[in-house]
2 protein chains.
Amino acid sequence: MRVGILGYGNLGRGVECAIKQNSDVELAYVFTRRDPSTVKILTPGVPVVSVSDIENYKDKVDVLIICGGSATDLPKMTPEYVKYFNVIDSFDTHANIPTHFANVDKAAKETGHIALISAGWDPGMFSLNRLYANCILPEGNDYTFWGKGVSQGHSDAIRRVNGVKNGKQYTIPVPEAIEAVRNGENPTLTTRQKHTRECFVVPEEGADLAKIEQEIKTMPNYFDEYDTTVHFITEEEFARDHAGIPHGGFVFRSGVTGWEKEHKHVIEYSLKLDSNPEFTASVIVAYARAINRLHGEGVNGCKTVFDIAPAYLSPLSGDELRAHLL
Amino acid sequence: MRVGILGYGNLGRGVECAIKQNSDVELAYVFTRRDPSTVKILTPGVPVVSVSDIENYKDKVDVLIICGGSATDLPKMTPEYVKYFNVIDSFDTHANIPTHFANVDKAAKETGHIALISAGWDPGMFSLNRLYANCILPEGNDYTFWGKGVSQGHSDAIRRVNGVKNGKQYTIPVPEAIEAVRNGENPTLTTRQKHTRECFVVPEEGADLAKIEQEIKTMPNYFDEYDTTVHFITEEEFARDHAGIPHGGFVFRSGVTGWEKEHKHVIEYSLKLDSNPEFTASVIVAYARAINRLHGEGVNGCKTVFDIAPAYLSPLSGDELRAHLL
């Protein structure tokens, strides 16, 4: 399978690394909106091509992995490039998924391509676990916790505060809340009871630290509904201790069965990830394999992880899967 | 969807309870090898029919759920009844799945029916999690722990010991082993390091307790490779504290990503179940919905959980799933 990567940031680089771990997948091209001569990639011998020439490559790529942002890039890019390629994206603005799906589905069907949107872990693996668990336990409660991990949105918000030179925000699930859910107590949890926020801030020289802390902690939408801790650190500490992009989280379904609903059950799925973009990329590459196969069987239109039978993700045959993994 | 249950033991009763929780599913008949007049079921108005008459019901049932044992029942029953019905079973002898699959697939295709074998949680949900996690993290290690829960096989073995009136065995994962796996340490674990076994035994009057304990702890295949604890209790204590059939377990995948494999990731799936048969039954009913739909689309032959796109398990539409669960 020949894969093209469109957009070479953290996610695109993660896709490149994931391809290296899958011997049936080959990186064919990296497409970029930048000047291609300025983009240095890790894989030897793979051309970097300007996105303005991408149409010329439509027969040279089996699946195009679109590594763009959900706010403005993907709503335009995915419906556009599915005209020329089978495509996959990691669109993660949950509220806008139905619209994005409809746009991509229409464009995909017009040209007979297949697309898969919202691959990754949330949406993605977390969604799958919510779906499976809801189907198994129709009477119950869902809980999702995120972290410990870096929130890009909250880190960006910190960095916009006056006097802040650099900053990173970690979302942390409250251990007592997780324990209560895990014990089947079905707690009702406020926003504050589910997560805390921890900020590491490099202040500009002479900045008013108390003012920065106050401004962060009271920031509407981002921090005001949470218990937030702010640590001031040096640029050196920041580089040494906060260079990574870890993330993760927990999905629970707590439900009942039995004639009188007398039995409790807890289903838990959790991820602990050193690198959010590399894990997301690894999910994407597995689903790229799946849609390439499905397209070979004549399937087109827009899909999500809900529509893909798990066996399509694997390079192994049905016989091998049944013998070794069932 | 009209469901028939074949075999009314713990699992059959669990299926009956699960059907009550799914408004699009109707229990049509219970088929039994016993004298139907001796079988009292929970659902009012549903006929109990002798299995010898089952062929007469082939147009009155959309999916037949076969609730038999994996050792001798299912290898015969599933290939037999798929001649007349779409069927689903919970065949759980992992080593014999390929043979069972081949037999059921042949019989199903000859009559245009669909079958799904090995539904439940292991095989079943645990298998799905192994598959997804292996596809996402191709370089890594798998770990499965069972418990805390009742092992029927080990409980049966205890009850065969001379001087034992009643007994139950719990399989318990070793917490330190789970912690090491969860921390990404990729430990190499012996059988003894993964699980301990705890036995609750009601002795016959005047039995030699030391002899019973010794015989249990040294029993080949069942206990000799484990650290086993034996508690002697009264019949009253047994009835009060050990009437349930809880189970559960953990599936881990611990893997690496990155150009130099520099990032670690841990995927964990776990179940904590008050009732093993009721949870298994709940999985089966969701997959019964899926195969009924697939049969409506013209699909036949034998399937496993690997072959079913998750959306087929849900009574909700694709639009609803994307809006609420993705």
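How each quantity is defined
Residues numbered from 1 in each chain as written. Chains lettered and ligands numbered in written order. Predicted model: local features only at pLDDT ≥ 70, side-chain atom pairs only at ≥ 80, totals over all residues. Heavy atoms only, no water. Helix = DSSP H or I, 4+ residues; strand = E, 2+ residues; numbered from the N terminus. Rg over C-alpha atoms; globule rule 2.2 N^0.38 Å. Buried < 20%, exposed > 50% of the residue type's maximum accessible area, 1.4 Å probe, protein only. Contact = heavy atoms within 4.5 Å. Areas by Shrake-Rupley, 256 points an atom, 1.4 Å probe, with all protein chains shown as cover. Lys, Arg positive; Asp, Glu negative; His and termini not counted. Charge placed at Lys NZ, Arg CZ, Asp CG, Glu CD. Buried area = accessible area lost by both parts, 1.4 Å probe. Salt bridge = Lys/Arg side-chain N within 4 Å of Asp/Glu carboxyl O. Polar contact = N/O pair within 3.5 Å; in protein donor to acceptor, adjacent residues only side chain to side chain. Axes fitted to C-alpha atoms, helices over the stretch in contact; angles between N-to-C directions. Parallel < 35°, antiparallel > 145°, perpendicular 65-115°, else oblique. Left-handed = near helix turned anticlockwise from the far one by under 90°. Nonpolar A, V, L, I, M, F, W, Y, C, P; charged D, E, K, R; others polar. Least-squares fit on C-alpha atoms with pLDDT ≥ 70 in both. Pairing = 2+ DSSP bridges.

(A) Quick look at the overall build of chain A. The helix and strand inventory of chain A stands at eleven helices and 14 strands. A compact globule built from 326 residues should have a C-alpha radius of gyration of about 20 Å, and chain A, at 22 Å, falls within 12% of that. Along the three orthogonal principal directions, the C-alpha set of chain A runs to about 65 × 60 × 35 Å. Counting over 326 residues, chain A shows a buried share of 58%. The long-range fraction of contacts in chain A, counting pairs at least 24 apart against all pairs at least 6 apart in sequence, stands at 69%. Summing over all exposed atoms, chain A offers an accessible surface of approximately 13,400 Å²; the carbon and sulfur share of this is 48%. Across chain A, the 33 positively charged side chains and the 43 negatively charged ones have centroids separated by 3 Å.

(B) Structural view of the interface of chain B and chain A. Counting residues at the interface gives 68 residues for chain B, matched by 68 residues for chain A. It is B:Q21, B:W259 and B:L326 that lose the most area in chain B upon contact with chain A, and together they represent 15% of the buried surface on that side. Joining chain B to chain A, the criterion identifies zero salt bridges. Where chain B meets chain A, there are 29 residue pairs in polar contact (both at pLDDT 80 or more). Mapped by element, the contributors of at least two residues to the side of chain B that touches chain A are α1 (10-20), α3 (97-111), α4 (125-136), β12 (247-257), β13 (263-273), α10 (276-296) and α11 (318-324) of chain B.

(C) Here's a closer look at the packing of helix α2 (residues 73-81) of chain A against helix α3 (residues 97-111) of chain A. All names here are of chain A. At a minimum axis separation of 8 Å, α2 and α3 run at an interaxial angle of 20°. Between α2 and α3, the crossing angle belongs to the class labelled roughly parallel. For the crossing formed where α2 meets α3, the hand is right-handed. Taken together, the residues of α3 that come into contact with α2 (itself represented by L74, P75, T78 and P79) are H100, N103, V104 and A107. Each residue belonging to the contact of α2 with α3 can be placed in one class, and the counts come to five nonpolar, three polar and no charged.

(D) Fine view of the environment of A:Y226. Residues and elements named next belong to chain A. Within the secondary structure layout, Y226 lies in the loop between α8 (209-217) and β11 (227-232). When its relative accessible area of 16% is taken as the criterion, Y226 is described as buried. The sequence separation of Y226 and G149 amounts to 77 residues, and the corresponding C-alpha distance is 16 Å. If we skip the residues at most four places from it in the chain, Y226 touches T191, R192, H195 and R197.

(E) Region of the structure containing unusual backbone geometry. For the bond running from A:G147 to A:K148, omega is 0°, close enough to zero to count as cis. The amide bond that connects B:D122 to the next residue, B:P123, takes the cis arrangement and shows omega of 5°. With respect to the helices and strands, the residue B:P123 is situated in the loop between β6 (114-116) and α4. Its identity is not glycine, yet A:S118 carries a phi of approximately 65°, on the positive side. Locating A:S118 in the fold gives a position in the loop between β6 (114-116) and α4 (125-136). Residue A:S118 is classed as buried on the basis of its relative accessible area of 0%.

(F) Quick look at the relation of the copies chain B and chain A. You can overlay chain B on chain A at an RMSD of 0.0 Å; the transform is a turn of 180° with a shift of 0.0 Å along its axis. Both copies of the chain, as the preceding transformation shows, are related through a two-fold rotation axis. Taking C-alpha positions as reference, the residue of chain B nearest the rotation axis is B:A309, located at 1.9 Å. When the interface residues of chain B are mapped onto chain A, 100% of them again fall at the interface, so both copies present the same face.

(G) Spatial organisation of the sheet that holds strand β7 (residues 140-146) of chain B. Ordered by their spatial adjacency, six strands build an open sheet running β7(A)-β12(A)-β13(A)-β13(B)-β12(B)-β7(B), and the pairing between neighbours is antiparallel. Both edges of this open sheet fall to β7 (140-146) of chain A together with β7 of chain B, since each of them pairs with a single strand only. Sheet twist, expressed as the average angle between the axes of neighbouring strands with direction ignored, equals 10°. Where β12(B) lies against β13(B), eleven bridges are found, and the strand directions are antiparallel. Bridge assignment links B:F250 to a residue of β13(B), and that residue is B:S270. Packing of α4(A) onto the sheet brings it into contact with β7, β12 (247-257) and β13 (263-273) of chain A together with β13 of chain B, and relative to β12(A) it is tilted by some 5°. Sheet contacts for α10(B): β12 and β13 of chain A together with β12 and β13 of chain B; angle to β13(A), the most-contacted strand, approximately 70°.

(H) Up close: the pattern of salt bridges. Applying the stated criterion across every chain, the model contains 34 salt bridges over all chains. As a salt-bridge pair, B:D24 and B:R289 come within 2.8 Å of each other at their nearest N and O atoms. Placement of B:D24 in the loop between α1 and β2 (26-32) and of B:R289 in helix α10 is noted, with a sequence separation of 265 residues between them. Given the relative accessible area of 3%, B:R289 is considered buried. B:R130 is paired through a salt bridge with B:D122; the nearest N and O atoms lie 2.8 Å apart. One salt-bridge network, held together by shared partners, links A:E179, A:R182 and A:E268.

Function-wise, these values are silent; they only describe arrangement.
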